[in-house]
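Per-entry structural report
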Amino acid sequence: MNRRDFAMGLAAGACAIPGLAGATLADAWAHASSGADPALGQTDALLVLQNGKTIFERYGADGGPGVRHVSWSMAKSITQALTGVAVAEGEVDIDQPLITDAGVHAGLNLRALLTLTDGLTWNEGDYDPAKSDATRMLYGMGRFDGAAFTLAKTRAVAPGTRWNYSTGAFQLAAAELQARLFPEARTPEARRDSMSAWIGDRLFAPLEMTSAVAEFDPSGTFYGGSLVYATARDYARFGELYRLDGMRNGRRILPPDWVKFARTPTVQADYGAGFWLEAKPGAGHDASLMNGAGPMDGFSAQGHNGQVILIVPSKALTLVRLGLMDDGSGGWKALGAWITPIVNALPDARSA
């Protein structure tokens, strides 16, 4: 089968996928979208691009190319991109102390927030309202001002020395961006309107993400770590920005080396800045999507319930999976085991 036939076969769902007992990609989609596997849950959208071309696209009964899906924590990757845009424009230095912090937490800066090495006491938990700081911030006592809720946390360790997953860190990063970009915006309405327009002009419009909507808390701060809505196609456009090293249609959107920053681990082998990285089992938090069985240059935006934008440069691949899955009960392992043979079946970029 030549390269053109391979791509056409995938589009028709006709290629066998090694590791799936001879199943075709269409069969794999049927299995994932049926809800038959409790650990895998319900897949509502699957979009696979190679070399920027769509080779497979399917939606569940309640979905379609025009249906927006909630990002959950994939928004963290979007906040990383927004920070990069602000750096490119000379508005932000990620190693400067936070002006939103007023000097309370020495050494705290955007780099620490984006790499989740902020050092603040934070329990992301399992989103149980009784245990989870993320749930308290989004829906409980912190819902009126998520950044202030995060800043009120005590320091556990010095910034840059420990990795700890925190949705609050990214809402604080969003608040810092807004404070740097729009110091004159004093009211919640002014902060929201200014930042919403800037996000649209600087990121969504250049990427042609026409469906994308970012939510703001009552203080007027972009949530940063959650709650962006977009279609699968627009999430794929975002993934392509990172596959192409921050370029879109010949225009540089992100600074040189910003994607490298996203893909470089700090104190955690499977996390860079706003993106999960592939790592060998046991090398990090064991959250690598493909668990060492797929291409090691893969990196991904991941969100609650199994939302994924996977980028694999060696395959010239961007894959989007959206749906509903239990984060516990082996859900992520099941999702990775389903995605990995699909990725491995695709030819490398040099032969695609």
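Scoring rules and cut-offs
Residues numbered from 1 in each chain as written. Predicted model: local features only at pLDDT ≥ 70, side-chain atom pairs only at ≥ 80, totals over all residues. Heavy atoms only, no water. Helix = DSSP H or I, 4+ residues; strand = E, 2+ residues; numbered from the N terminus. Rg over C-alpha atoms; globule rule 2.2 N^0.38 Å. Buried < 20%, exposed > 50% of the residue type's maximum accessible area, 1.4 Å probe, protein only. Contact = heavy atoms within 4.5 Å. Polar contact = N/O pair within 3.5 Å; in protein donor to acceptor, adjacent residues only side chain to side chain. Pairing = 2+ DSSP bridges. Axes fitted to C-alpha atoms, helices over the stretch in contact; angles between N-to-C directions. Phe/Tyr/Trp six-rings, centres within 6.5 Å; stacked < 30°, edge-to-face > 60°. Lys NZ or Arg CZ within 6 Å of the ring centre and 35° of its normal. Arc of directions from axis to C-beta. pLDDT = per-residue confidence, 0-100. Expected span 1.5 Å × (residues − 1).

**Concerning the overall build of the protein chain**
- Each helix and strand in the protein chain was counted, giving 11 helices and 11 strands.
- For 352 residues, the compact-globule formula gives about 20 Å, and the C-alpha radius of gyration of the protein chain, at 20 Å, lands near that figure.
- Taken along the three principal axes of its C-alpha coordinates, the protein chain extends 60 × 45 × 35 Å.
- Counting over 352 residues, the protein chain shows a buried share of 55%.
- By sequence separation, contacts in the protein chain at least 24 residues apart represent 63% of the contacts at least 6 residues apart.

**Quick look at the side chain of Thr221**
- Structurally, the position occupied by Thr221 is in the loop between β4 (213–214) and β5 (228–230).
- Taking relative accessible area as the criterion, Thr221 reaches 6% and is therefore assigned buried.
- Among the polar contacts made by the side chain of Thr221, one reaches the side chain of Ser219 at a distance of 3.1 Å.
- Beyond its immediate chain neighbours, meaning those up to four positions away, Thr221 contacts Gln171, Ala174, Ala175, Gln178, Glu215 and Phe216.

**As for the sheet that holds strand β11 (residues 317–324)**
- One open sheet accounts for 6 strands, arranged β2-β1-β11-β10-β9-β8; its pairing is antiparallel. Where the open sheet ends on each side, the last strands, each with one partner, are β2 (53–59) and β8 (276–277).
- The strands touched by helix α3 (residues 74–88) within the sheet are β9 (299–303), β10 (307–312) and β11, with β9 carrying the most contacts at an inclination of about 125 degrees.
- Where helix α11 (residues 331–345) meets the sheet, its contacts fall on β1 (42–50), β9, β10 and β11, and the angle it forms with β10 comes to roughly 35 degrees.

**Overview of the packing of aromatic side chains**
- According to the stated counting rule, one finds 11 aromatic pairs in the structure shown.
- On the basis of an interplanar angle of 65 degrees and a centroid distance of 5.5 Å, the ring pair of Phe275 and Phe299 is categorised as edge-to-face. Here the residue Phe275 occupies a position in the loop between α10 (258–263) and β8, and Phe299 occupies one in strand β9, the gap between them amounting to 24 residues.
- By relative accessible area, Phe275 is classed as buried at 0%.
- Residue classification places Phe299 among the buried residues on the basis of a relative accessible area of 0%.
- Joined through ring pairs, the aromatic side chains of Trp163, Tyr165, Tyr271 and Trp276 make up one cluster.
- Sitting over the face of the ring of Phe56, Arg58 holds its NZ or CZ atom 4.3 Å from the ring centroid.

**Looking at helix α2 (residues 25–34)**
- Within α2, the full set of buried residues consists of Leu25, Ala28, Trp29, Ala32 and Ser33. Down the axis of α2, the buried side of the element spans an arc of 120 degrees, and every buried residue falls inside it.
- Gly35, located one to two residues past α2, shows a positive phi value of around 75 degrees.

**Notes on the confidence of the model for the protein chain**
- Per-residue pLDDT for the protein chain has a mean of 91; in total, 91% of the residues score no lower than 70.
- Low pLDDT (under 50) marks residues 1–16, which in the prediction has 32 contacts with non-local residues, meaning those over four places away or in another chain.
- Low pLDDT, under 50, characterises residues 18–22; the predicted model gives this stretch 8 contacts beyond four residues in sequence or across chains.

**Some thoughts on the environment of Pro206**
- Its place among the elements puts Pro206 in the loop between α8 (188–204) and β4.
- Relative accessible area serves as the criterion here: at 13%, Pro206 is assigned to the buried category.
- Along the sequence, Pro206 and Asn249 sit 43 residues apart, while their C-alpha atoms lie 8.9 Å from each other.
- Contacts of Pro206, omitting those with residues within four sequence positions, involve Gly200, Asp201, Arg248, Arg251 and Ile253.

**Here we look at helix α9 (residues 232–243)**
- If you check α9, its first and last C-alpha atoms are 16 Å apart, about what 12 residues at 1.5 Å a residue would give, namely 16 Å.
- Among the 12 residues of α9, 10 are classified as buried, and the element is accordingly described as predominantly covered.
- Ala232, Asp234, Tyr235, Ala236, Phe238, Gly239, Glu240, Leu241, Tyr242 and Arg243 are the residues of α9 that are buried.
- Directly beyond the C-terminal end of α9, a positive phi value near 60 degrees is found at Asp245.

**Some details on the environment of Tyr229**
- With respect to the element layout, Tyr229 can be found in strand β5.
- For the pair Tyr229 and Arg68, spaced 161 residues apart in the sequence, the C-alpha separation amounts to 5.6 Å.
- With residues up to four places along the chain from it excluded, the contact list for Tyr229 reads Arg68, His69, Val70, Ser211, Ala212, Val213, Glu215 and Tyr235.
- Reaching out from Tyr229, the side chain makes a polar contact with the side chain of Glu215 at a distance of 3.3 Å.

**Concerning unusual backbone geometry**
- For Trp72, which is not glycine, the phi dihedral falls at a positive 45 degrees.
- For Trp72, the location among the structural elements is in the loop between β3 (69–70) and α3.
- Judged by relative accessible area, Trp72 falls into the partly exposed class, the value being 22%.
- The phi dihedral of Leu116 falls on the positive side, at around 60 degrees, and the residue is not glycine.

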